[in-house]
Amino acid sequence: MQKVTVQPSRDGTHAVIRGNKVIVVGLSPDDAQNYAAFLRASERVRQTQRLRATTVAQPAP
């Protein structure tokens, strides 16, 4: 999972960045933090679903 960060932009707004890729720009500080939190939470849900899918698919010993 790549790190999601919030960084200030030159124009006074904030950007949400995942790894080296800019996801969204032009947000207020609060909106940028909320967006970043949503991205982190959605990634955790996806990882949990992948783990459940792999453990259910394996037969019991």
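Every value quoted in this text rests on a predicted model; they were computed, and no experiment measured them. (Residues numbered from 1 in each chain as written. Predicted model: local features only at pLDDT ≥ 70, side-chain atom pairs only at ≥ 80, totals over all residues. Heavy atoms only, no water.)

(A) Spatial organisation of the overall build of the protein chain. Counting its regular elements, the protein chain contains 1 helix and 3 strands. When the helices and strands of the protein chain are read in sequence order from the N terminus, they spell out β-β-β-α. Relative to the 2.2 N^0.38 estimate, which gives 10 Å for 61 residues, the radius of gyration of the protein chain is 16 Å and therefore markedly larger than a compact globule would have. By its C-alpha atoms, the protein chain is 60 × 20 × 10 Å across when sized along the principal axes. Here the protein chain holds 61 residues, and the buried ones make up 18% of them. (Helix = DSSP H or I, 4+ residues; strand = E, 2+ residues; numbered from the N terminus. Rg over C-alpha atoms; globule rule 2.2 N^0.38 Å. Buried < 20%, exposed > 50% of the residue type's maximum accessible area, 1.4 Å probe, protein only.)

(B) Spatial organisation of the confidence of the model for the protein chain. When pLDDT is averaged along the protein chain, the result is 90; 90% of the residues meet or exceed 70. Ranking the elements of the protein chain by mean pLDDT puts helix α1 (residues 29-57) last with 89 and strand β2 (residues 14-18) first with 97. (pLDDT = per-residue confidence, 0-100.)

(C) Inspection of the sheet that holds strand β1 (residues 4-8) at higher detail. Taken in spatial order, the 3 strands line up as β1-β2-β3 in an open sheet, and their pairing is antiparallel. Only two strands of the sheet have a single neighbouring strand rather than two, namely β1 and β3 (21-27). Averaged over all pairs of adjacent strands, the angle between strand axes in this sheet comes to 25°, irrespective of strand direction. Where β2 lies against β3, 4 bridges are found, and the strand directions are antiparallel. Its bridge partner being in β3, V16 is matched across the sheet by V24. (Pairing = 2+ DSSP bridges. Axes fitted to C-alpha atoms, helices over the stretch in contact; angles between N-to-C directions.)

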